[in-house]
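Structure assessment
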Amino acid sequence: MKLDSAPLGFSGISQTEIELELEDSIDSKLTTATLIEPVQPVVADSPQKQQSAVVIFGTTFITIFLAEIGDKTQLSTLLMSAESHSPWIVFMGSAAALITTSLLSVLLGSWIASRLSPKIVEKSAGVMLLVISLMLFWDVFHG
């Protein structure tokens, strides 16, 4: 064994030979990869995958249903039905009102989404909910 050469590994190949082989294999893989398939840039803010209609419908239904339980709208509909003794007419009137307000919300949301970025919409919704929460707390403690 020479004193000026690199020590042999377990397979009898020197460290220098292993490094040269690794460089050659990496170069050949990079050359092959760039010839076959161009490298695509990674986008951090890629749009979300399109969800199925059933998932969107289910999520919307559950969210609105849970938000409306015990809401002022539900309580006022309950009282109107009890006072009028015409529950089906009250049901049709309240359903038409809820459909109309939902339609306005969807149209306004679509218009806003076409004009503003999702991050701005998300931040502004958070600020609005925070302001509403603070107003409700103010009412509870000082009302």
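Here the structure is shown first, and the text comes after it.
Since the model is a prediction, treat every value here as computed from it, not as a measurement.

Another aspect to go through is the overall build of the protein. Of the regular secondary structure elements, the protein holds five helices and zero strands. Counting from the amino terminus, the protein carries its helices and strands in the arrangement α-α-α-α-α. Every one of the 143 residues in the protein was classed for burial, and the buried ones make up 2%. Accessible surface computed for the protein: about 13400 Å², of which carbon and sulfur atoms make up 71%.

Attention now goes to unusual backbone geometry. Non-glycine residue H85 carries a positive phi angle of around 60 degrees. Residue classification places H85 among the exposed positions, given a relative accessible area of 68%.

A few words now on the packing of aromatic side chains. For the structure shown, the criterion picks out four aromatic pairs. Consider the rings of W88 and F91, whose centres lie 5.9 Å apart with planes at 85 degrees: the pair is edge-to-face. Within this pair, W88 and its partner F91 are both found in helix α4 (residues 87–115), separated by three residues, close to a single helical turn. A residue is classified by how much of its surface remains accessible, and W88, at 65% relative accessible area, is exposed. By relative accessible area, F91 is classed as partly exposed at 49%. Following the ring pairs from residue to residue traces out a cluster consisting of F57, F61 and F65.

Across the interface, helix α3 (residues 72–84) lies against α4 with an axial gap of 8 Å and an inter-helix angle of 155 degrees. Considered as vectors, α3 and α4 are oriented roughly antiparallel to each other. Crossing of α3 over α4 shows right-handed handedness. For the pair formed by α3 and α4, the contact residues are T73, T77, M80, S81 and S84 on the first element and P87, V90, S94 and L98 on the second. Broken down by class, the residue content of the contact of α3 with α4 amounts to four nonpolar, five polar and no charged.

Cut-offs used in this document
- Residues numbered from 1 in each chain as written.
- Predicted model: local features only at pLDDT ≥ 70, side-chain atom pairs only at ≥ 80, totals over all residues.
- Heavy atoms only, no water.
- Helix = DSSP H or I, 4+ residues; strand = E, 2+ residues; numbered from the N terminus.
- Buried < 20%, exposed > 50% of the residue type's maximum accessible area, 1.4 Å probe, protein only.
- Areas by Shrake-Rupley, 256 points an atom, 1.4 Å probe, with all protein chains shown as cover.
- Phe/Tyr/Trp six-rings, centres within 6.5 Å; stacked < 30°, edge-to-face > 60°.
- Axes fitted to C-alpha atoms, helices over the stretch in contact; angles between N-to-C directions.
- Parallel < 35°, antiparallel > 145°, perpendicular 65-115°, else oblique.
- Left-handed = near helix turned anticlockwise from the far one by under 90°.
- Contact = heavy atoms within 4.5 Å.
- Nonpolar A, V, L, I, M, F, W, Y, C, P; charged D, E, K, R; others polar.

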